[in-house]
Amino acid sequence: MIIAGKKIESNDKVIVRNPYDNSVVGEVSRASESDVKKAVAAAKAGLVKLSHQTAYDRYKTLMKLAGILSQRSDQFATTIASEMGKTIREARAEVSRAVETVSWSAEEAKRLYGSTVPMDAAPTGRDKVGFYMRVPVGIVAAISPFNFPLNLSLHKIAPAYAAGNAFILKPAESTSMTGEMLGQAFVDAGAVPEAVNVLTGSGSKIGLKLVTDPDIRLITFTGSRDVGEWITRNAGLKKVVMELGSNSAVVICEDAKPETMVKRVALGGYSQAGQVCISVQRVYVHERHFATFTGLLREQAMALKTGSQLDESTDVGPVITHNDILRIKSWIDEAVSHGARFICGGDVTGNVMTPVVIANAQETEKVVQDELFGPVLVVNSFRDDDQAISMVNNSRYGLQAGVYTNDLNRAWRYAKGLEAGGVLINEIPNFRVDLMPYGGVKESGIGREGPRFAIEEMTEIKLVVFHIN
Ligand code: NAD
């Protein structure tokens, strides 16, 4: 754990394990409620120091951080893969994206624009001159998930710092080591030490203390729907940004050619063993292509190599815990017992599951309605576009959706009709570049990430009015 930029050790340890073979990756200290108090006190002091820095100072620190992450990319990638379970190739890609996220955030430090306000356009506005500027919200608590421990933590703390906020990062317990390494990299980049705090350990142990602290002015959370709802209920009068779960869908329309996108759909379902918030989970295929598509998808799924995530040739590594394996299996069994067709996969070795395809699951099944977060694709057919739109929208979630069509009018109809934070035409919902506005509607979240958009959430508008005559 890191408080006021310094590494702090306690006797209470979290042992971080590799989800593939349960071997020990390392250990970190488990934060207590009194550490929350210390981190908040440090962050308060950090805020004062940060207020004496210029936007250019913060830009330089973040650019230096980007350089440090690049230099340490092998170390970060190995740690991410070892503790999270994504393949080493996926972990390297995460580190590259993280460098971009920090660089975009650094640039945004230079773009904290305000505006003049035409005060005299109001009947009582004579002799008034007004303008507003953006000021930091204050202390930001950033609570991040296990599945992108570096890049999704940075989507919070890099824009927070760019805007002049002090932060307290609470990484997921299973990926604590990446969180601590990230805090250290911030300190090494020359950040104001007191503004850098990383509380490793269990969310349930320090969660209430952290989210109810009145000095924390914004909680930016990425994680599951239920924890997000609990935080929102307990946060009190402060801002919350919620990046929650999904059961993302892709639609293969009548005019599309299944053979051109089936490989991409498989990638969307099985990368990171399906543990991506915008993983393809539901595939809606026009009835004309249904048999061809499911046959091709089966071939793709069966061709993927499962195994240790640290092996360069592995395509699909482990799921984070064995309980998740049991949960995923029970959802599949339930759907099949109600008439879904089991097509392939589902062999389990330890925490690794071979990629699953199931078809014709009822729309009420958990595999359709809830977030699966495992290597499973559920393929159903539709007759016409109205039916496909209503099937995609028949969900409490709405993060991103993909549509394959070459018909411009049809594409526009889906773009307008789908309830999602992002609609991708001729692309799977997994696609994300780190500068774009990203977030969900309905129970997928509140607010947007992407440095430019996160900074809007992490600043307040301050109005200044002069009476001049
Ligand atoms: P999780 O909700 O179990 O945990 C997320 C974080 O919350 C962790 O740091 C955890 O320690 C902390 N936490 C748990 N209980 C807490 C409490 N009571 N108070 C404060 N903090 C608490 O989620 P996870 O399993 O780490 O991640 C998977 C979930 O994250 C999936 O639902 C996935 O869709 C979602 N996710 C969403 C996005 C997005 O951008 N929308 C991105 C990635 C992951």
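On a predicted model such as this, the values are computed, not experimentally measured, just so you know. (Residues numbered from 1 in each chain as written. Predicted model: local features only at pLDDT ≥ 70, side-chain atom pairs only at ≥ 80, totals over all residues. Heavy atoms only, no water.)

### Concerning the overall build of the chain
Just so we agree on the cut-off: Numbering of helices and strands starts at the N terminus; helices are DSSP runs of H or I of at least 4 residues and strands are runs of E of at least 2. To get the radius of gyration, use the C-alpha atoms; to get the globule rule, take the number of residues to the power 0.38 and multiply by 2.2 Å. Only the protein chains shown count as cover for residues, with accessible areas throughout obtained via the Shrake-Rupley method and a probe of 1.4 Å.
A count of helical and extended segments in the chain gives 15 helices and 22 strands. For 469 residues, the compact-globule formula gives about 23 Å, and the C-alpha radius of gyration of the chain, at 23 Å, lands near that figure. Along the first, second and third principal axes, the C-alpha set of the chain runs to 75 × 65 × 40 Å. Roughly 18,900 Å² of accessible area belongs to the chain as shown, and the carbon and sulfur atoms make up 53% of that amount.

### Description of helix H5 (residues 151-162)
Put simply, the rule is: A helix is expected to span 1.5 Å multiplied by its residue count minus one. Note on exposure labels: buried denotes an accessible area under 20% of the residue type's maximum, exposed denotes more than 50%, and partly exposed covers the range between, all computed with a 1.4 Å probe on protein chains only.
Between its terminal C-alpha atoms H5 stretches 16 Å, which fits the 16 Å expected from 12 residues at 1.5 Å a residue. Counting buried residues along H5, 12 of its 12 residues qualify, which places the element largely inside the surrounding structure. What H5 keeps buried is the set Asn151, Leu152, Ser153, Leu154, His155, Lys156, Ile157, Ala158, Pro159, Ala160, Tyr161 and Ala162. Looking one or two residues past H5, glycine 164 carries a phi angle of roughly 95 degrees, positive in sign.

### Details of the site of the ligand
So the rule is basically this: Whether a residue is near a molecule or strand depends on its heavy atoms: it is near if one of them lies within 4 Å of it. Within 3.5 Å is the distance limit for a polar contact, defined as a pair of N or O atoms, with the added protein rule that one can donate a hydrogen and the other accept it, and that residues adjacent in sequence qualify only through two side-chain atoms. Polar here means any residue other than Ala, Val, Leu, Ile, Met, Phe, Trp, Tyr, Cys and Pro, which are nonpolar, and Asp, Glu, Lys and Arg, which are charged; Gly is therefore polar.
The full set close to the ligand counts 26 residues, and Ser144, Lys170, Ser224, Leu244 and Glu371 are the nearest of them. At 2.8 Å, a backbone N or O of serine 144 approaches an oxygen atom of the ligand. Here an oxygen atom of the ligand and a side-chain polar atom of glutamate 371 are 2.5 Å apart. Across the complex, the protein chains shield 87% of the 850 Å² of accessible surface that the ligand would expose by itself. When residues of the shell around the ligand are traced back to their parent elements, those giving at least two are helix H7 (203-212), strand S10 (216-222) and helix H8 (225-234). With 3 residues, H8 is the largest single contributor of residues to the shell around the ligand. Broken down by class, the residue content of the shell around the ligand amounts to 15 nonpolar, 8 polar and 3 charged.

### A few points about the pattern of salt bridges
To keep it simple, the criterion reads: The term salt bridge refers to a side-chain nitrogen of Lys or Arg lying within 4 Å of a carboxyl oxygen of Asp or Glu.
In the structure shown here, the tally under the stated rule is 31 salt bridges. Residue lysine 44 pairs with aspartate 215 through a salt bridge whose shortest N-O separation is 3.2 Å. Of this pair, lysine 44 sits in helix H1 (residues 33-51) while aspartate 215 sits in the loop between H7 and S10, placing them 171 residues apart in sequence. Its relative accessible area of 31% is what places aspartate 215 among the partly exposed residues. For aspartate 226, the salt bridge goes to arginine 225, with nearest N and O atoms at 2.6 Å. By relative accessible area, aspartate 226 is classed as exposed at 54%. Residue arginine 225 is classed as buried on the basis of its relative accessible area of 13%.

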